[in-house]
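This is what each chain is made of:
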Amino acid sequence: MRRHRNVKIVATLGPASDDYEMIRALHEAGADVFRLNMSHGDHTEIKRRHEIIRQVEKDLDSPIAILADLQGPKLRVGVFKNGEEMLEEGAAFRLDLDDAEGDATRVKLPHKEIFDALEPGAHLLVNDGKIKLRVKDCGATFADCEVIVGGMISNRKGVNVPDVTLPLAALSPKDRKDLEFVCELGVDWLALSFVQRAADVEEARALVKGRAAILSKVEKPNAVKAFDDILKASDGIMVARGDLGVELPVQNVPPIQKQLVRKCRAAAKPVIVATQMLESMIESPMPTRAEVSDVATAIYEGADAIMLSAESAAGSYPIEAVTTMSNVAAEVEADPTYTEIIEASRRSGGVTVADGIVSAAREIAEKTDVKAICCFSQSGTTAVLVSRERPRVPIVALTNQIRTARRLCLSWGMNVAMSGPVDRFKDAVIAAVRAAKALNLATEEDMIVVTAGVPFNTPGSTNILRVAPCAESLLYAAASE
């Protein structure tokens, strides 16, 4: 299914988008990737949604990527005798391992790892940062704190610890079970929560065993500090601005977003900008002007994808939310300023033959009347290199691997087409021409650029570029000469 925009849209599924008709409507409205949130729904529900997506994919003959998002460790306080308590600014408050119900002076924090890592002066944030505590004294089983920002604290509210690296694995026992379950289902991307270091990604990769691509969520200050190493270890990145905005001063988040997007693009790895993009559309059919500007900013920055969470999972207007995102993207990408910004931010690629081929393809497309860049890609590597170039003309990725086709649905500008087995470059050119015409990207009178690798079916072997006419009679005539 051809999109008239380059940025991709990720839509989270949930109670508001739980049947065939709605999921199909969301895809037709513009959702390129569906996110299965493992924090909500049991395995039976996740499996059913996965099956519906694959049925929609089959019925529309349109590859769809499925992203399973692991919950990660959840740090929460215990319960209170009265259900909730008001913490006053300046008051003393203790966190400990005592099983007794909490009151206005203390509550259980059932995570010994936090006490092992805390030091005096560290801060703890409770209930999405609404309550702020500073550690005055601590030990192996307790932390005596001062309330810096007070408020109502209640049962099992979440805790963030922004100042220290916690000795916690990114994968909880639940995550390990979920990981194996979704990999066996056949998801295309696996999102890791609570990533603090590259070793967290490597641990997950050993468990995934190549069954899915790994996308690391950057939601903690330590992940920002270790980002270069995390990026190298990952196949893609999600800028999860919700927790980042809790653990860091909110004014730090926009520049971090810009920096991470640019680094991902330079590395030719897809990046999703996520969290509260159209939050008001959970209850309203229209977004706020500020939300539209937020979505537009991510697009101007060159993000591969933008994401809807509760808007499509639990909101009253999931289709309208996807449609709004798609319309904003089309309008932004039609702005001449968008092209100027994208091209000004382009960095020189790597030094491999494939890097040179895709760079040349983009330059040819910009300086001539070529209508599309068509690349044959067994593993998807060459296709994402073309995507990194952010060419002005459409990209068509041809592959005979459905897993590759689905994964590429997350990458900027990608029109994915399945091809049969190809053994000769002439057959590749003919297949590319037919795909470009089928997608209405070119006519008989037009030209396209075709890249491929010889020998065929060898990942990373791109070494040929040809400017080809779309009139097959000319192709056959040239082959017979």
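Turning to the environment of Ile 148, a few remarks are in order. Topologically, Ile 148 is positioned in strand β9 (residues 142–149). Note on Ile 148: relative accessible area 24%, which makes it partly exposed. Placed 147 residues apart in sequence, Ile 148 and Val 295 show a C-alpha to C-alpha distance of 34 Å. The residues contacting Ile 148, other than those within four sequence positions of it, are Glu 89, Lys 132, Leu 133 and Arg 134.

Let's shift gears to the sheet that holds strand β21 (residues 462–469). The strand order across the open sheet built from 5 strands is β19-β18-β17-β20-β21, with neighbouring strands paired in mixed fashion. Both outer strands of the open sheet, β19 (414–418) and β21, are each paired with one neighbouring strand and no more. Averaged over all neighbouring strand pairs, the angle between strand axes comes to 25°, with direction disregarded. Sheet contacts for helix α17 (residues 425–438): β17 (373–376), β18 (395–399), β19, β20 (447–453) and β21; angle to β20, the most-contacted strand, approximately 135°.

Between helix α2 (residues 43–60) and helix α4 (residues 173–185), whose axes approach to 11 Å, the crossing angle comes to 25°. By the angle class used here, α2 and α4 are roughly parallel. For the crossing formed where α2 meets α4, the hand is right-handed. Residues His 43, Ile 46, Lys 47 and His 50 of α2 lie in contact with α4, whose contacting residues are Lys 177, Asp 178, Phe 181, Val 182 and Leu 185. A class-by-class count of the residues in the contact of α2 with α4 yields 4 nonpolar, 2 polar and 3 charged.

This brings us to the side chain of Arg 362. Assignment of secondary structure puts Arg 362 in helix α14 (residues 353–367). Given the relative accessible area of 10%, Arg 362 is considered buried. Looking at Arg 362, its side chain comes within polar contact range of the side chain of Glu 389, at 3.0 Å. Residues within four places of Arg 362 in sequence aside, it is in contact with Arg 346, Ile 373, Glu 389 and Pro 391.

In this section: the layout of surface pockets. Here the second largest pocket is characterised by a volume of approximately 690 Å³. For the second largest pocket, the lining is made up of 34 residues, of which Arg 3, Arg 5, Asn 6, Gly 413 and Asn 415 are closest to its centre. For the lining of the second largest pocket, the element with the most residues is β19, which contributes 5 residues. Classifying every residue of the lining of the second largest pocket gives 16 nonpolar, 7 polar and 11 charged.

This part takes up unusual backbone geometry. Residues other than glycine predominantly adopt negative phi, and peptide bonds predominantly adopt the trans conformation. Its identity as a non-glycine residue notwithstanding, Asp 61 has a phi of 50°, on the positive side. On the secondary structure map, Asp 61 appears in the loop between α2 and β3 (65–69). By relative accessible area, Asp 61 is classed as exposed at 69%. Backbone geometry places Thr 275, a non-glycine residue, at a positive phi of 95°.

Further remarks concern the pairing of β3. Counting buried residues along β3, 5 of its 5 residues qualify, which places the element largely inside the surrounding structure. A two-sided burial pattern is seen for β3, the buried positions comprising Ala 65, Leu 67 and Asp 69 on one face and Ile 66 and Ala 68 on the other. One ladder, built from 5 bridges, connects strand β2 (residues 33–37) with β3; its direction is parallel. Along β3, the bridge assignment pairs Arg 35 with Leu 67. You can see the chain leave β2, run along α2 and come back into β3, and the turn it takes is right-handed.

Within the structure shown, the criterion is met by 3 cavities of 30 Å³ or more. By volume, the second largest cavity is sized at about 80 Å³. Taken together, Arg 262, Arg 265, Ala 266, Glu 301, Ser 345, Arg 346, Arg 347 and Arg 388 make up the lining of the second largest cavity. Broken down by class, the residue content of the lining of the second largest cavity amounts to 1 nonpolar, 1 polar and 6 charged.

Turning our attention to the state of the cysteines. Under the counting rule described, the total for this entry stands at 0 disulfides. Of all cysteine sulfurs, the one in Cys 409 lies closest to Cys 183, which takes part in no disulfide; the gap is 18 Å. Judged by relative accessible area, Cys 183 falls into the buried class, the value being 5%. The thiol of Cys 470 is unpaired, and the distance to the nearest cysteine sulfur, on Cys 374, comes to 7.6 Å. Since its relative accessible area comes to 0%, Cys 470 is described here as buried.

Rules used throughout
- Residues numbered from 1 in each chain as written.
- Predicted model: local features only at pLDDT ≥ 70, side-chain atom pairs only at ≥ 80, totals over all residues.
- Heavy atoms only, no water.
- Helix = DSSP H or I, 4+ residues; strand = E, 2+ residues; numbered from the N terminus.
- Buried < 20%, exposed > 50% of the residue type's maximum accessible area, 1.4 Å probe, protein only.
- Contact = heavy atoms within 4.5 Å.
- Pairing = 2+ DSSP bridges.
- Axes fitted to C-alpha atoms, helices over the stretch in contact; angles between N-to-C directions.
- Parallel < 35°, antiparallel > 145°, perpendicular 65-115°, else oblique.
- Left-handed = near helix turned anticlockwise from the far one by under 90°.
- Nonpolar A, V, L, I, M, F, W, Y, C, P; charged D, E, K, R; others polar.
- Polar contact = N/O pair within 3.5 Å; in protein donor to acceptor, adjacent residues only side chain to side chain.
- 1 Å grid on protein atoms, 1.4 Å probe; cavity = no way out; pocket = protein on both sides within 12 Å on 5 of 7 lines; lining within 4 Å.
- Points joined across faces, edges and corners; volume = space filled by probe spheres on them.
- Right-handed = clockwise from strand over helix to strand, strands pointing away.
- Disulfide = S-S within 2.5 Å.

Everything listed here is a matter of coordinates, which is why it stays silent on function.
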